[in-house]
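What the coordinates show
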Amino acid sequence: MKNQLITFISKQCIRLVLLLIAISMISFALLVMSPIDPIDAYFTGVAVSDEQKAIVSAYWQFDRPPVERYWHWATNMLSGNWGDSFVYKAPVLQVISDKFTSTLLLMLVSWSLSGVVGFSLGVISGIYQGKTLDRCINYFALVSVSTPVFWLGILLVMVFAVELQWFPIALSTPIGKSVEDVTWLERLHHLALPAITLSITGVSAIVLHTREKMIDCMNSNYMLFAKARGESLWVRVKRHGLRNVAIPAVTLHFASFAELFGGAVLAESVFSYPGLGSAITLAGLRGDVALLLGAAILSAIFVFLGNLIANILYIIINPEVQGGR
Amino acid sequence: MKKLLVFMLTLVCLACLAGCGKSNDASSERMKNGEVVISVGKYMISGGYDPTLGWGMWGPDPFHSGLHRYNKDNKLEKDLATDVAVSGDGLEYIIKIKKDVKFSDGKPLTARDVVFTYQTAKDAKNAVDLAFLESVQAIDDYTVKFTLNKAWAPFIETTATLGIVPEHAYKKDTYGDNPIGSGPWKVISFQKEQQLIMVPNENYYGEKPKLKKVTVLNIGEDAILAAVKSGQVDVAFVNPEYANAKVEGMKLTVMDSIDAFAVNLPMVAEHEENGVLVGNNITSDLAIRQALNIGINREEIIKNALNGFGEPTMNFSKDLDWTNEALTEKDNRVEEAIQILENAGWIDSDGDGIREKNGVKATFTITGRSNDLQRYNTAVALAKNAEKLGIKIEAKSMAWSEARKIAKNIPTMWAFGDFSPQAYYSYFHSSQIGKNVINNPAMYNNPIVDEHIMAAMNATDWNTVVAEFKLAQWDGQTGPKVDIPYLWICTVKVPYLVNDKLDLGVLGVNERGQGMGIVTNIDTWTWK
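Being a predicted model, the structure only gives us computed values, none of them experimental.

Reading the values: the criteria
Residues numbered from 1 in each chain as written. Chains lettered and ligands numbered in written order. Predicted model: local features only at pLDDT ≥ 70, side-chain atom pairs only at ≥ 80, totals over all residues. Helix = DSSP H or I, 4+ residues; strand = E, 2+ residues; numbered from the N terminus. Buried ≥ 20, exposed ≤ 12 C-beta atoms within 10 Å, placed from the backbone. Pairing = 2+ DSSP bridges. Axes fitted to C-alpha atoms, helices over the stretch in contact; angles between N-to-C directions. Contact = placed C-beta atoms within 7 Å. pLDDT = per-residue confidence, 0-100. Parallel < 35°, antiparallel > 145°, perpendicular 65-115°, else oblique. Left-handed = near helix turned anticlockwise from the far one by under 90°. Nonpolar A, V, L, I, M, F, W, Y, C, P; charged D, E, K, R; others polar. Core = buried A, V, L, I, M, F, W, Y, C linked by C-beta atoms within 7 Å.

Points about the environment of Y42 of chain A
All names here are of chain A.
- By secondary structure assignment, the location of Y42 is in helix α2 (residues 38–42).
- Among the residues examined, Y42 registers 23 C-beta atoms within 10 Å and is labelled buried.
- Along the sequence, Y42 and L285 sit 243 residues apart, while their C-alpha atoms lie 9.8 Å from each other.

Encoded structure:
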């Protein structure tokens, strides 16, 4: 099994490299072909002599042919230099790591939350199929899957931040407090609403898939046999249900990294939570090649890792797959 | 489903009930301590407070001071400079600076810091326009000599936007987030894109700010009303669409902006140039341009398109130092406009409400930038308003990249908002037609105007620059006043929600897009 895993992972790594090359090329091509002129976008609203524009353009190599620019970026990248962001005028890696930590925290919290809650709700709903509890959970899942993140976010803000004042309205730290004085508790307090928003919309898919699988499981012959043997409901579910049901949930949840990214960007904008979202938008609108490519590569690696973990867990959890390979 | 709905509704009702008891304790606490919390757009909290990389060009710079500055009437005046001597050929500037000026860290500001700032800005090859600066050197501790390689009067403008940075504390990678300047405010805490806390700089040589502490946030469009309602923010930059929301304890305050909406009216007939269509058969007729200019009702357009947040204009913003007021006339002179059209042969003979001349109908298209609703709405309202003149305008929403590319053929709605008269050169000089895609989209070509513009650009002192640019708009004989290359509509007003008890004094004038424009006069803000 170990060898199997190693060959599997190394194969995946080769795929990752190819994927990254393709993604960087496509993103670069799209940006170059887009009608945005970075110099023009940068100097919006200020009058600057053409000579100065030429100087800036030459400094950032906007006047070079695209192939040369890409090659320059790619060779730098291979030696570990991510380049400088034209918009932020700082090293790309620094810009991304500044913002990605907040985004990552938000995503991890809401991801774990939606995983745990979604799985539990799905299991309960499957066990009590057709009962009121099941119907409630089902409705909740259907409503939440059709609710746009930003709308839900605004609703939660209105109720819990403006009216009840249980949670802060926006930002990741208290207003008027210096960075050094901010405690972890305060940070979590600020993280709560965006994380809840994001996890509510992430819950539904897990609930519905787990529920479906649980119903199959409950109606199976082995469950009937276990019941006949006199095992109580929870013992049956624990012994014969959870492992079977976990497989779709795990795959689905790890594969949802991509959606998580999109959702996080929206939630960030509603809650004015600092993160990668606004930086990527700005990079796109201002033609900041280095930053956009950096962000594209990072998110590709992130999503890829999610899928890879899902695949590996699949092998570990499901004995059928092991035999098959 | 019903049960769930009832449950959720109950929850919301409970929530609302519980919320009734909220108070404004926070804001009165701030009032007592002389603190304010403001949310004025993204720019002020995105960091990079480094003047050598362009900070201060897109908005006011509270942290640094430069050799010159714009006063509250947008006129250039001396700031750090005490004496400016320009050589006869306009190539040499010898500037003496104030003595006893200190940075916020207590160290003195000398000519060395000025030289360092200009050298760093030039080497950075960034936004600061120093293309014509040949060299800069310190003559003594308080005298600096600038040598240009070409007479370039706008150099003075650069000295007004470029704040001086301290040589002893400047590190390229970190300075932007920890500025140490000689301006009225200093940063005490900064979290990128979250909040900036600033307090008065006790070493500032000018009049000190009245407030004790300002916290700057950027709360997004979605949450800003909620934040204002909860009493956590005293000054908030809001969308014009939300601006009429009633919030207890807050009032609507409107800031004039220099952003003026105008439509370019191509002045030559349609023809092909290098395979691209340029010119416009309708707008190239002087009668059409003149009739539109005096015939439309700008007030009504502003009411319909901008919720009233605008000020009619027939030229660049009147708040700019170099705008020639002679272009301002009364509009909505429908009779007169119709007379002009009929004299020129534009008659509606088939009774469809649209005039014709030689079989050509007076109809043309104006595009409005698709991601700027204000501009598109203005184009629509203009089209509606021109109907009474018998001119049919079709307003079309279009992506900006496309709209500006074809603007020499199909006019578009521009937002002209530059403090510098250099903009005038880009939009009116005949040599600029087609440059940088967007320059001179009206294809305006008037040799006398060109002469005035060049006289201004090559001038050696600022007064001549301003005077010549004014002549370029109308010298009593010719100019855009009678040629109407652009149909000006309005300058845009920027709405803010402001705490009732906060006195903002006389607001400055700034650009539309940057919410931070309102902080131009933050030094004079005070609690009532």
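A word on the sheet that holds strand β6 (residues 133–140) of chain B
All names here are of chain B.
- Strand order in this open sheet of four strands is β4-β5-β7-β6, and the pairing throughout is antiparallel. The open sheet is flanked by β4 (81–86) and β6, the only strands paired with a single partner. On average, adjacent strands in this sheet sit at an angle of 20 degrees to one another, irrespective of strand direction.
- Sheet topology places β4 next to strand β5 (residues 92–97); five bridges connect them, and they run antiparallel. Residue pairing in the sheet places A85 in a bridge with I94 of β5.
- Against the sheet, helix α3 (residues 111–124) contacts β5, β6 and β7 (143–148), and its axis sits at roughly 165 degrees relative to β6.

Structural notes on the confidence of the model for chain B
Residues and elements named next belong to chain B.
- Of the residues in chain B, 95% have a pLDDT of 70 or more, and the chain-wide mean is 88.
- Low pLDDT, under 50, characterises residues 13–23; the predicted model gives this stretch ten contacts beyond four residues in sequence or across chains.
- Among the scores for the predicted complex, ipTM is 0.74 and pTM is 0.81.

Structural notes on the packing of helix α5 (residues 92–127) of chain A against helix α6 (residues 132–145) of chain A
All names here are of chain A.
- α6 packs onto α5 with a crossing angle of 140 degrees between their chain directions and a minimal axis gap of 8 Å. Taken together, α5 and α6 sit at an angle that is classed as oblique. Of the two elements, α5 crosses α6, and the hand of that crossing is left-handed. Judged by residue contacts, L121, I124 and S125 of α5 engage L133, D134, I137 and N138 from α6.
- Residue classes in the contact of α5 with α6 are distributed as four nonpolar, two polar and one charged.

Structural notes on the interface of chain A and chain B
- Counting from both sides, the interface comprises 43 residues of chain A and, opposite them, 48 residues of chain B.
- At the level of elements, α3 (50–59), α6, α7 (149–163) and α11 (257–271) of chain A are the ones that each hand at least two residues to the side of chain A that touches chain B.
- Looking at which element gives the most residues to the side of chain A that touches chain B, the answer is α7 of chain A, with eight residues.
- Here the residues of the side of chain A that touches chain B are counted per class, giving 27 nonpolar, eleven polar and five charged.

Quick look at the environment of K303 of chain B
Residue and element names in this part refer to chain B.
- Tracing the chain through its elements places K303 in helix α7 (residues 298–306).
- Exposure remark for K303: the 14 C-beta atoms within 10 Å place this residue in the partly exposed category.
- In sequence terms K303 and T378 are 75 residues apart; their C-alpha atoms lie 9.7 Å from each other.

Re unusual backbone geometry
All names here are of chain B.
- One non-glycine residue, E193, lies in the positive phi region at around 60 degrees.
- At N440, a position not held by glycine, the phi torsion is positive, near 40 degrees.
- Relative to the helices and strands, N440 is located in the loop between α11 (422–428) and α12 (447–457).

Examining the nonpolar core
- With 223 residues, the main nonpolar core has V235, A262, L382 and Y496 of chain B as its most contacted residues.
- The biggest single contributor to this core is helix α8 (residues 184–218) of chain A, with 13 residues.
- The residues touching V235 of chain B, leaving out its near neighbours within four places in the chain, are V36, I38, V40, Y496, V498, L502 and I518 of chain B.

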